[in-house]
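# Notes for the structure review
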Amino acid sequence: MTASAPPLYELRGIRRVYGKRTVLDIDHLDLAAGRVVGFVGPNGSGKSTLLRLLAFLEAPDDGLLRYGGRILWEKGMTCDRERIEARNEVTLLLQEPYLLKRSVFDNVAYGLRIRGDLSSSEMKDRAFQALRSVGLDGARFASRLWYQLSGGEAQRVALAARLALRPRVLLLDEPTSSVDVQSALRIQEAALRARDEWGTTLLLVSHDQLWINDVADEVVHFFGGRIIAIGPENLVFGPWRKELDGLVVKDLADGQRLRALAPPSSGPLDEAVAAVDPGSLLLAISVPEGLSARNALRCSVAQMVYENGTGRVLVKVQAGGLALTARLTGEAVREMGLHPGRDVSVLVKASSFRWV
Ligand SMILES: Nc1ncnc2c1ncn2[C@@H]1O[C@H](COP(=O)(O)OP(=O)(O)OP(=O)(O)O)[C@@H](O)[C@H]1O
């Protein structure tokens, strides 16, 4: 993208209301073309609702939504024709594949047939190519029926049907959470290839935060329908409880405690969310003496990935139901001999937490 190119999506004051409940409330969000953006947050925080708006399957109740420089939604305006046109460029893959009750080929070629701009041999080439990109051999799979597929194969067929269209935007809502490991890898690789080959913008929702941190150019954190942070943050959700000396404590399931400076306002501690930057977490094999001001949690390394864009290593550690991600240099990782399953201590100051 050049410096002057407008964002692909511009959202201003976007709200979505179900009944009397506001489930999405985005003041300002720009999404650039050709980027990979991850949306993360707890259940019910509004991620899927946002994807449906960005796929033009639902309209917001308030605000302004621009796509490719054109207004596609603004209160009081009818932009149905523009939305229908935009829908041809944008496609959403859900957690469940929802295939047509037809053959694999018919499923993958369905969108191409509707567009009607390819001959039947071009359509076959395109469909087989799309199947190949998700690791399925067209000669073996094209004539299979929808019920002759495993869950992972069905999800790959559903993705192939979208990739065959060479979309400008591919939205993936928990695409790998109910498939086998092999299918998950194929799905992740195929989506990234679409970005590399056609400049497809990828908008991802996943609870696999480490995958998101690995591939995304930008990570947007949601809580209660709002954007609360952008970047690879650690969020620690309540309940917290008050302790003496201006500290609050989160009790972990294994009996350990995490301490943070108390939030300035007197809101309910049950719902308070603290954020801490992965760079503020130190890992140590053994805890040095005299660290009373710090938290020193005994954890085990769960996963490690290179962070997109920084060359650092993101190390996910877990303890008592809490997952935290630390950002380390490759040298530090090597020196400590870190690997999944390794026991480490996480050192973090109570003052490193901020409240969101
Ligand atoms: N059609 C609907 N009618 C009423 N409420 C809805 C509807 N769709 C979603 N909601 C509510 O809106 C809120 C946001 O839901 P959404 O599915 O966007 O969250 P999410 O972050 O994607 O959650 P998850 O990670 O569990 O998929 C939730 O409280 C949900 O119950």
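This is a predicted model, so every value here is computed, not measured.

Moving on: the pairing of strand 7 (residues 169-173). Regular strands place side chains that alternate from one sheet face to the opposite one. Counting buried positions along strand 7 gives five out of five residues, so the element sits mostly inside the fold. Burial along strand 7 is two-sided: the face carrying Val 169, Leu 171 and Asp 173 and the face carrying Leu 170 and Leu 172 are both buried. Relative to strand 7, strand 6 (residues 90-93) is paired through four bridges, and the arrangement is parallel. Residue pairing across strands places Leu 92 opposite Leu 171, the latter belonging to strand 7. Strand direction decides the pairing type here: strand 7 and strand 8 (residues 201-205), joined by five bridges, are parallel. The residue bridging Leu 172 from the neighbouring strand is Leu 204, located in strand 8. For the crossover from strand 7 across helix 7 (residues 181-198) to strand 8, the handedness is right-handed.

Attention now goes to the side chain of His 221. Positionally, His 221 belongs in strand 9 (residues 218-223). In terms of polar contacts, His 221 uses its side chain to reach the backbone amide nitrogen of Glu 233, at 3.4 Å. Every residue in contact with His 221, bar those within four places of it in the chain, is listed here: Val 40, Gln 209, Arg 226, Ile 227, Ile 228, Ala 229, Gly 231, Pro 232, Glu 233 and Leu 235.

The strand order 11-15-21 describes an open sheet built from three strands, whose pairing is antiparallel. Looking at strand neighbours, the two that pair on one side only are strand 11 (234-237) and strand 21 (354-355), the edges of this open sheet. Here four bridges tie strand 11 to strand 15 (residues 273-276), and the two strands are oriented antiparallel to one another. Counterpart to Asn 234 in the pairing with strand 15 is Val 276.

With that settled, consider the nonpolar core. Ranked by size, the top nonpolar core spans 42 residues in total, and within it Val 108, Val 157, Leu 159 and Leu 204 carry the most contacts. Put simply, the parts of the chain that give this core at least two residues each are strand 3 (36-40), helix 3 (104-115), helix 4 (120-133), helix 6 (151-163), strand 7, helix 7, strand 8 and helix 8 (209-215). Once residues lying within four places of it in the same chain are set aside, the contact partners of Leu 159 are Leu 93, Val 134, Leu 170, Leu 172, Ile 187 and Ala 190. If you look at the next biggest cluster of nonpolar residues, it comprises 30 residues, including Val 276, Val 315, Val 344 and Val 346.

Once that is clear, we can look at the UniProt feature "domain: ABC transporter" (unreviewed entry) in the protein. Mapped onto the present numbering, the UniProt feature "domain: ABC transporter" (unreviewed entry) falls at residues 9-249. Along residues 9-249, the helical share is 35% and the strand share 30%, with 40 Å between the first and last C-alpha atoms.

All right, on to helix 1 (residues 47-54) then. Three or four residues apart is the spacing at which side chains of an α-helix point the same way, because the helix has 3.6 residues per turn. Here helix 1 lies mainly inside the structure; six of its eight residues are buried. Of all the positions in helix 1, only Lys 47, Thr 49, Leu 50, Leu 51, Leu 53 and Leu 54 are classed as buried. Residue Phe 56 follows helix 1 closely and has a positive phi angle near 60°.

Let us look at the environment of Gly 320. Along the chain, the position of Gly 320 falls in the loop between strand 18 (313-319) and strand 19 (322-328). On the accessibility criterion, Gly 320 (23% relative accessible area) is partly exposed. Placed 22 residues apart in sequence, Gly 320 and Arg 298 show a C-alpha to C-alpha distance of 9.4 Å.

A separate point is the site of the ligand. Around the ligand, the structure places 13 residues, and the nearest of them are Arg 21, Gly 44, Lys 47, Ser 48 and Thr 49. In this structure, Ser 45 approaches the ligand through a main-chain N or O atom, which is 3.0 Å from an oxygen atom. Against a free-state accessible area of 630 Å², the protein chains account for coverage of 62% of the ligand. Contributing elements (two or more residues each) for the shell around the ligand: strand 2 (21-31) and helix 1. Considering every element that reaches the shell around the ligand, the biggest residue donor is helix 1, with four residues. Broken down by class, the residue content of the shell around the ligand amounts to three nonpolar, seven polar and three charged.

In a regular helix each residue adds 1.5 Å, so 13 residues correspond to 18 Å; helix 6 covers 18 Å between its end C-alpha atoms and thus fits that length. Helix 6 sits mainly inside the fold: twelve of its 13 residues count as buried. By the burial criterion, the buried members of helix 6 are Gly 152, Glu 153, Ala 154, Gln 155, Arg 156, Val 157, Ala 158, Leu 159, Ala 160, Ala 161, Arg 162 and Leu 163.

All right, on to the environment of Asp 106 then. Within the secondary structure, Asp 106 is located in helix 3. The spatial distance from the C-alpha of Asp 106 to the C-alpha of Leu 145 is 9.3 Å, given a sequence separation of 39 residues.

Here is what the cut-offs are and how they apply
Residues numbered from 1 in each chain as written. Predicted model: local features only at pLDDT ≥ 70, side-chain atom pairs only at ≥ 80, totals over all residues. Heavy atoms only, no water. Buried < 20%, exposed > 50% of the residue type's maximum accessible area, 1.4 Å probe, protein only. Helix = DSSP H or I, 4+ residues; strand = E, 2+ residues; numbered from the N terminus. Pairing = 2+ DSSP bridges. Right-handed = clockwise from strand over helix to strand, strands pointing away. Polar contact = N/O pair within 3.5 Å; in protein donor to acceptor, adjacent residues only side chain to side chain. Contact = heavy atoms within 4.5 Å. Core = buried A, V, L, I, M, F, W, Y, C linked by side-chain atoms within 4.5 Å. UniProt positions renumbered as here; feature names shortened; annotations may be inferred. Near = heavy atom within 4 Å. Areas by Shrake-Rupley, 256 points an atom, 1.4 Å probe, with all protein chains shown as cover. Nonpolar A, V, L, I, M, F, W, Y, C, P; charged D, E, K, R; others polar. Expected span 1.5 Å × (residues − 1).

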